[in-house]
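Survey of secondary and tertiary structure
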Amino acid sequence: MSSDLASRLREGTKQSHTVVENTAFMQCFLKGVVEKHSFRTLIANLYFIYSALEVELQRHIAHPVVGMIWFPELHRQQNLEQDLAFYYGENWRQEIAPSQSTNAYVARIHEVAEVEPVLLVAHAYVRYMGDLSGGQSLRAMVRSSIQLPPDKGTALYEFESLPTAEARKAFKGKYRHALDSLPVEDDLSQRMIDEANYAFELNHNIFHELEMDVKAAIGEDVFNLIVSRHNINSTNSDTRNAKPGLMAMHQ
Ligand code: HEM
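Reference entry: report on the structure contained in this document. This one's a predicted model, so the numbers in the text were calculated from it and none came from an experiment.

**A word on the environment of Ser101**
Note on placement: Ser101 falls in helix 7 (residues 100–115). Sequence-distant contacts of Ser101, defined by excluding residues within four places in its chain, comprise Asn205, Ile206 and Glu209.

**Some details on the site of the ligand**
Taken together, 23 residues form the shell around the ligand, and within it Arg10, His17, Tyr125, Lys172 and Arg176 come nearest. Interatomic distance of 2.9 Å between a side-chain N/O atom of His17 and a nitrogen atom of the ligand. In this structure, an oxygen atom belonging to the ligand sits 2.6 Å away from a side-chain N or O atom of Tyr125. When residues of the shell around the ligand are traced back to their parent elements, those giving at least two are helix 2 (14–21), helix 3 (24–30), helix 8 (120–132), helix 10 (165–181) and helix 11 (186–218). With five residues, the top contributor of residues to the shell around the ligand is helix 8.

**Re the nonpolar core**
One finds Phe29, Phe39, Leu42, Ile69, Tyr175, Leu179 and Met192 to be the most contacted residues of the largest nonpolar core, which totals 75 residues. If sequence neighbours within four positions are ignored, Phe29 has contacts with Val34, Phe39, Leu42, Leu138, Met141, Val142 and Tyr157.

**Things to note about the pattern of salt bridges**
Using the criterion set out here, one finds twelve salt bridges in the structure. For Asp186, the salt bridge goes to Arg8, with nearest N and O atoms at 3.5 Å. Of this pair, Asp186 sits in helix 11 while Arg8 is found in helix 1 (residues 5–12), placing the two residues 178 residues apart along the sequence. Residue classification places Asp186 among the exposed residues on the basis of a relative accessible area of 59%.

**A few points about the environment of Ser228**
Relative to the elements of secondary structure, Ser228 occurs in the loop between helix 12 (220–227) and helix 13 (237–241). For Ser228, a relative accessible area of 55% translates into the label exposed. Between the alpha carbons of Ser228 and Ala24 there is a distance of 8.9 Å; along the sequence they are 204 residues apart.

**With respect to the coordination of the iron atom of the ligand**
Protein coordination of the iron atom of the ligand rests on one atom only, His17 (NE2), at 2.1 Å. One can find His17 in helix 2.

**Here we look at the packing of aromatic side chains**
Tallied over the full model, the rule gives eleven aromatic pairs. Ring geometry for Phe25 and Phe207: centres 5.7 Å apart, planes at 20°, overall stacked. Placement of the pair is Phe25 in helix 3 and Phe207 in helix 11, with a sequence separation of 182 residues. Residue Phe25 is classed as buried on the basis of its relative accessible area of 4%. Judged by its relative accessible area of 8%, Phe207 falls in the buried class. Geometrically, the ring pair formed by Tyr47 and Trp92 is edge-to-face, given 5.2 Å between the ring centres and 85° between the ring planes.

**As for the packing of helix 7 against helix 8**
At a closest axis distance of 9 Å, the pairing of helix 7 and helix 8 adopts a crossing angle of 140°. Classed by the angle they form, the pair helix 7 and helix 8 counts as oblique. Here Tyr105, Arg108, Ile109, Val112 and Ala113 of helix 7 come into contact with helix 8, specifically with Leu120, His123 and Arg127. Partitioned by chemical class, the residues of the contact of helix 7 with helix 8 number five nonpolar, one polar and two charged.

What counts as what
- Position numbers for residues start from 1 in each chain and track the written sequence from start to end.
- Local features in this predicted model are restricted to residues of pLDDT 70 or higher, and side-chain atom pairs are both shown and tallied only at a pLDDT of 80 or more, whereas totals for entire chains, interfaces and linings draw on every residue.
- Heavy atoms throughout the structure, all of them, feed into the side-chain values; hydrogens and water do not.
- Numbering of helices and strands starts at the N terminus; helices are DSSP runs of H or I of at least 4 residues and strands are runs of E of at least 2.
- In what follows, residue pairs with any heavy atoms lying within 4.5 Å of each other are defined as contacts.
- The rule for a residue being near a molecule or strand is that one of its heavy atoms must lie within 4 Å of it.
- Each polar contact in these results corresponds to two N or O atoms within 3.5 Å; when the atoms are within protein, one needs to be able to donate a hydrogen and the other to accept it, and residues that are neighboring in sequence are counted only if both atoms are side-chain atoms.
- Only buried residues count toward a nonpolar core. Its members are Ala, Val, Leu, Ile, Met, Phe, Trp, Tyr and Cys residues joined through side-chain atoms within 4.5 Å.
- The buried label goes to any residue with under 20% of its type's maximum accessible area, the exposed label to any with over 50%, and the partly exposed label to all in between, with areas taken from a 1.4 Å probe on protein chains only.
- A pairing counts as a salt bridge when a side-chain nitrogen of Lys or Arg comes within 4 Å of a carboxyl oxygen of Asp or Glu.
- Because no water is among the atoms considered, metal sites can look incomplete, with donors defined as N, O and S atoms within 2.8 Å of the metal, or 3.2 Å for Na, K and Ca.
- When two rings of Phe, Tyr or Trp (its six-membered ring) have centres within 6.5 Å they constitute a pair, described as stacked for plane angles under 30 degrees, edge-to-face for angles over 60, and tilted for the intermediate range.
- All axes are obtained by fitting lines to C-alpha atoms, using only the stretch in contact for helices, and the reported angles, taken between N-to-C directions, cover 0 to 180 degrees.
- Our angle categories are set so that under 35 degrees counts as roughly parallel, over 145 as roughly antiparallel, 65 to 115 as roughly perpendicular, and the remainder as oblique.
- Classification used: nonpolar for Ala, Val, Leu, Ile, Met, Phe, Trp, Tyr, Cys and Pro, charged for Asp, Glu, Lys and Arg, polar for all others including Gly.

Here it is as structure tokens:
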């Protein structure tokens, strides 16, 4: 069975993608204003989210749909542990706690896993395809903005078995192919798109929480200047063609 789930997910979440990439937090990031404290808080929150997601994906590995998008090379939990040890030190487990929005995100992942596990596909799609795409630009910005020792601090965005842009691009093709091979009917595809949009919203809430920290660190005037610039839209094909610089980082 073959479907167009991959392109339906892409089209169906385009607007949500534009909203998250234009959040003040992401805009500061892309303009090189990365505040170390907010970044490590983001890493800590993502640790709770990926831990929940990966536990549930593993638990449903025998599920006829979820099992088909189980790709251990994508898993982020161990990479996040390395980043946390770097930013918080050996006792990082005692130092970190999930924010309110993170708790809501984690609760949703567990809820979906209980009630309709097939929707875990939507959560995996939003995070992993994001890390493989825009995440690569974010990695470059973090590394050039914060003074980081070589090989430390951005393991979140590093895929050991996909070390080059070509390898990541090929993998994204494989992932899209896997999505298209899932045995899902039309109404289920629509529920997946709805859940993916909700996952974008849950990410948005976390970025919004972190914006307060960034604003406090850089001052309200600089913050307002950064976020007042015109919006970008990376998943729109026309805009992508007009932005060779940005796209070069993803390919
Ligand atoms: C400023 C931040 C971001 C930038 C610049 C950005 C950029 C991009 C670009 C250029 C692509 C297209 C890659 C391709 O066609 O192969 C993409 C895809 C994607 N991004 Fe982002 N992104 C950002 C933030 C995010 C965030 C925060 C998420 C999720 C929480 C996300 C989720 C995705 C997903 C799921 C796709 C795959 C779309 C598809 O189905 O092809 N992105 N991003």
